[in-house]
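Each chain is listed here by its residues.
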Amino acid sequence: MKKWRKGIIIFFILIFGITTLVFMPIKEALVFEYQNTEKVLAYLPSKKEQAFQIKYTHSIHLSDVVESYQVSTDGQLKQFELQFEDFAIGMPSEAGEGETFEEKNGIYYIKNMNRVFPYFDLRTGKVRANHKIIFEDREYPLSNYIEPGTWVRIKFKRINLLQRLKGANILDK
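Residues numbered from 1 in each chain as written. Predicted model: local features only at pLDDT ≥ 70, side-chain atom pairs only at ≥ 80, totals over all residues. Heavy atoms only, no water.

Caption draft 1: Region of interest: unusual backbone geometry. A positive phi angle, close to 60 degrees, is found at N112, a residue other than glycine. One non-glycine residue, N130, lies in the positive phi region at around 50 degrees. Relative to the assigned elements, N130 resides in the loop between β8 (120-123) and β9 (132-135). (Helix = DSSP H or I, 4+ residues; strand = E, 2+ residues; numbered from the N terminus.)

In structure tokens form, the structure reads like this:
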């Protein structure tokens, strides 16, 4: 009878341990979720204070726009720079309070931005935008991981093993 009880206790400890390993969020990542459902489509393993950029082709003037972000120490996303080539519809014409506006070799920069978000939403381009994430000096087209035209929520958080298995690791391709 004692062996039977010991076997049941070991079984439940194993089940608890496996469940904890699968569902406990432990890996920090920049996460691309389907809309606001928390379903992970893709993720970029990263740490707090790491920077990344989102690059896309503007739909009207067809030139590149680069938005630069950094993950803050509290896991928020801070936009610190915007780079673009044309003043046109949808692009700023001046810097905000505390920001600086620069032009260098025909490219415009808004620097010293301090725009902080818990997350931001993005609809990946279907036709021209060709959204890319730039991380550690490498470009990764989002269309390799996310269907063009999809609304994604981008945030920094810890993900569990199941979410890692279901989502695409951007660094793996």
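Caption draft 2: Structural context of the sheet that holds strand β12 (residues 168-169). The strand order across the open sheet built from 5 strands is β8-β11-β1-β2-β12, with neighbouring strands paired in mixed fashion. What marks the edges here is a single partner per strand, and that holds for β8 and β12. In terms of strand pairing, β8 meets strand β11 (residues 151-159) through 4 bridges, oriented antiparallel. Across the sheet, residue F120 finds its bridge partner in β11, namely I154. (Pairing = 2+ DSSP bridges.)

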